[in-house]
Amino acid sequence: MRGSLQLVQRPALLFMMIAMPLLCSWFLLDLMKGGAVEGVPVAIVNLDNSSMSRAIERNLSAMQGVNIKRHYASHGDAMKALQRGDIHGFFLIPERMQELTLGGRSPMVSYYINYAYFTPSSSQYKGFKAVSMLTNGAIAKTMLDAVGLISEQSIAATLQPILTHVHGINNPWTNYGYYLNMSFIPCLLALFVMLTTTTTIGSEFKQATSLEWINVAGGSVIVATLGKLLPQTVIFIAVGWMTQALMFNSYGIPLHCDPWTMMGAMVLFVLANQAFALFVICFVPNYRKASTLCTLLGMMSFSFCGFSLPAESMYPIFNSMSYVMPMRHFFLISVDQALNGIDIYYSRIHFAALIGYLVLPIPLLLRLRHNCVKPLYVP
Amino acid sequence: MKRKYNILRWPVHTLKACVNELKLVMGDVGVLVFFVLVSIAYPILYSLIYNTEMAHDVRVVVVDDDRSAESREFVRALDATSEVKVIGYAANMQEARTQMCEHNCYGIINLPRDYALCLGRGEQAHVNIYCDMSVMLRYRQILMSTTAVQLTLSSHIQKAKASVIPINIGGGTIDNEQVALGNTAMGLGSAVLPCILVLVLQQSMILGVGMLHGGARDRRRRFGGIDPEEYDAVALVSVVGRALAHLLVYAVPAVYALLVVPKFFDFPQNGPIIDIVAMALPYLIACSFMSQTFKIFVRGRESTFITMVFTSIIFVFLSGISWPRSSMSQLWITLGNMVPSTWASQGYIAMQSNGASLAAQSHAYMMLWVLCGFYLVSAVLIEAFVARKQTRNPRKRQY
């Protein structure tokens, strides 16, 4: 009761709990609503200026992934533009390309891609590679036709005897937003949940009202903590569900399981994060230190929970550290359930882990009680 | 209220405000944690996390319905790539799927029954590859390795054919090559870290300054509107004095993060040192003014965290390192333009990775100075009208 009253009395906190997570989710979702990176600004350096090289230009300009912004007269000019940041890469057609090709030799077209920006580099690679292959195919096809390889099939087989088809399961569009938002939005929510927990409990220490807090709860630290955290739990679960609705409903992120599974996972996730933060503040009974710790861990979890670089590819210590955070388990549940829609049996360990967090702070609650009865605020 | 200032005394007051701020920073462990510890430890931690750069040996299983010498050759070639590791054969797709569900593997290579037959007949042989899409990097690695194997094996077969068919496949075609710029390792770490190195400075400053301000507010609350540790001066002088102090404190962490850490981890470092330092100067000043603007949202020392921390993620994305700015909507581009880290990271990456000079990045450099001006005005306004409004120091001014 006191907990909810305090929440209402602190509209700023309520704003941080409700509006900010939703605004941030909307920001991330809206930012990447395009799905795949398209129209990366690139340039062409055409030293050949023949009908063949112009055909390549036309093909390239038809590619979705890249957008030909400029034409440069030399490699140096294009490089300068790349250093200025005007373009992310360029396609270089060498001198006398058409002449050499028709003469039966093999000139080399090169594409220069700036890998300092990772995501656009893949779109460029796809576009540039496809254009070079297409051009090549057209030439070779004409030649093979000429020597009498008539059937389409045998031409294809001669050009590409083996063809691999890579299927991205459940995200065949390689939609960047689908993959990123599924991990980043809950991770942001976790940050808010943890910090709200430490803020509300920590401010009791700070304002030296922790004794009063325990007394209102009839001297029971369990009642006190529950009374304080449950209103937040309710709010955060609602906010979490809203972010899920935004993700899966409004922005069409794949949801291949029963919606209730993910909603249930969200409930556990919010509780686990609260329990984790409670554990931290029990362990380090200092408002600032607990908040600092939650901040640093929460920020790090964006990296070491393995959303971009897979956890198994990191140094073993970071791999094992990632399992310390509730986010890692929730991420694996989302992947298994929402994205891949496999049987819940395979996620059992992670569900169990999320439940396990709830037990974590219990042994330390007495310590919290001790600190509440004798509050000591160290700034 | 009538105020009289002696403008000539401003530099002295600025210095005094600076010294006062330095004292406050040095006396505050909580702030020092952010100003010094975070800006020293975070670059190292992040670099270590991403130091493996790439996912190597992504585990895949093979469903070989053909069981021929040719299909085994494909699997051997695939296993030999650094990107992929074949952990075993599965009897059928169902078994492979179970392996995938149990997270033993992240990809399935399916060689159809007629693989060798097609190759022998001179028809096109197909290989199906199924990838788990939970982490894009795994998909990318599987895609790259299978493409490489496809091209190598294809060229072997073509060569064998060329001796039979009287044509020369190699001649009369256009070859192509990729040249990786900026990040020749094509690693994730070398791509992400430069941006993080730049951002850590800004974010730790926002948090530290927020805590300082929160502490001052707490003191005011306790002492009835007076902050005994504040140096009382005109708003402009206070703001500039503090910025000077922040600049002094950050000189070492900035040099360390921007120039030394890349040496430790061998990240791209093609930038001229002088130019990087020249870029860091307006960046740090703009960060300080921005931090002093953002402190308006801070109510108490510790609530800095909940109100400020999430901005890191927003600013990372606005800087365009993950999702390119060219694909953002105008709203987010404009918002990104207002954040110093956007320009600083763009400039820093261009210099360190692509070897640009400051002259090539003059736009980013200029924008940083523009932001300095913008946030100076906002910080002074906030200092004069908001931060001090209710808790104005009632003592008479001393000058």
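Now for a look at the structure at hand. In this text, all values refer to a predicted model and were calculated from it rather than measured experimentally. (Residues numbered from 1 in each chain as written. Chains lettered and ligands numbered in written order. Predicted model: local features only at pLDDT ≥ 70, side-chain atom pairs only at ≥ 80, totals over all residues.)

1. What to know about the interface of chain B and chain A
How we decide: Contact between residues is assigned whenever the C-beta positions, reconstructed from backbone atoms, fall within 7 Å. Helix and strand assignments come from DSSP, with helices taken as H or I runs of at least 4 residues and strands as E runs of at least 2, each series counted from the N terminus. In this count, Pro and Cys sit with the nonpolar residues alongside Ala, Val, Leu, Ile, Met, Phe, Trp and Tyr, while Asp, Glu, Lys and Arg are called charged and the others, Gly among them, polar. One requirement defines pairing of two strands: DSSP has to find at least two bridges between them.
Counting residues at the interface gives 90 residues for chain B, matched by 100 residues for chain A. The set of elements that each furnish at least two residues to the side of chain B that touches chain A consists of α2 (29-49), β4 (125-131), α6 (136-162), β5 (175-181), α7 (188-222), α10 (303-308), α11 (311-318) and α13 (340-352) of chain B. The greatest single-element share of the side of chain B that touches chain A, amounting to 15 residues, is contributed by α6(B). For the side of chain B that touches chain A, the class distribution of residues is 47 nonpolar, 32 polar and eleven charged. As judged from the seven bridges shared by strand β5 (residues 162-168) of chain A and β4(B), these two strands associate in the parallel manner. Bridging from a neighbouring strand, A:Leu163 pairs with B:His126 of β4(B).

2. Some thoughts on the sheet that holds strand β2 (residues 66-72) of chain A
Formally: Inter-axis angles, ranging from 0 to 180 degrees, are taken between N-to-C directions of lines fitted to C-alpha atoms, where helices are fitted over the stretch in contact.
Pairing in this open sheet of five strands is mixed, and the strands run β2(A)-β1(A)-β3(A)-β4(A)-β5(B) from one edge to the other. Two strands lie at the open edges of the sheet, namely β2 of chain A together with β5 of chain B, each paired on one side alone. The mean inter-strand angle of the sheet, taken between neighbouring strand axes irrespective of direction, is 25 degrees. Of the pairings in the sheet, the one linking strand β4 (residues 108-114) of chain A to β5(B) comprises seven bridges and is parallel in character. Bridge pairing links A:Ile113 to B:Ala180 in β5(B). Where helix α6 (residues 118-147) of chain A meets the sheet, its contacts fall on β1 (40-46), β2, β3 (89-93) and β4 of chain A together with β5 of chain B, and the angle it forms with β4(A) comes to roughly 170 degrees.

3. Describing the sheet that holds β4(B)
Taken in spatial order, the five strands of this open sheet run β5(A)-β4(B)-β3(B)-β1(B)-β2(B), and their pairing is mixed. A strand with exactly one partner marks an edge of an open sheet, and here the two such strands are β5 of chain A together with β2 (84-89) of chain B. Neighbour to neighbour, the strand axes of the sheet diverge by 25 degrees on average, direction disregarded. Where strand β1 (residues 58-64) of chain B meets β2(B), five bridges bridge the pair, whose relative direction is parallel. Note that in β2(B) the partner of B:Val62 across the bridge is B:Tyr89. Of the strands in this sheet, β1, β2, β3 (107-111) and β4 of chain B are in contact with helix α3 (residues 69-80) of chain B, which crosses β2(B) at around 135 degrees.

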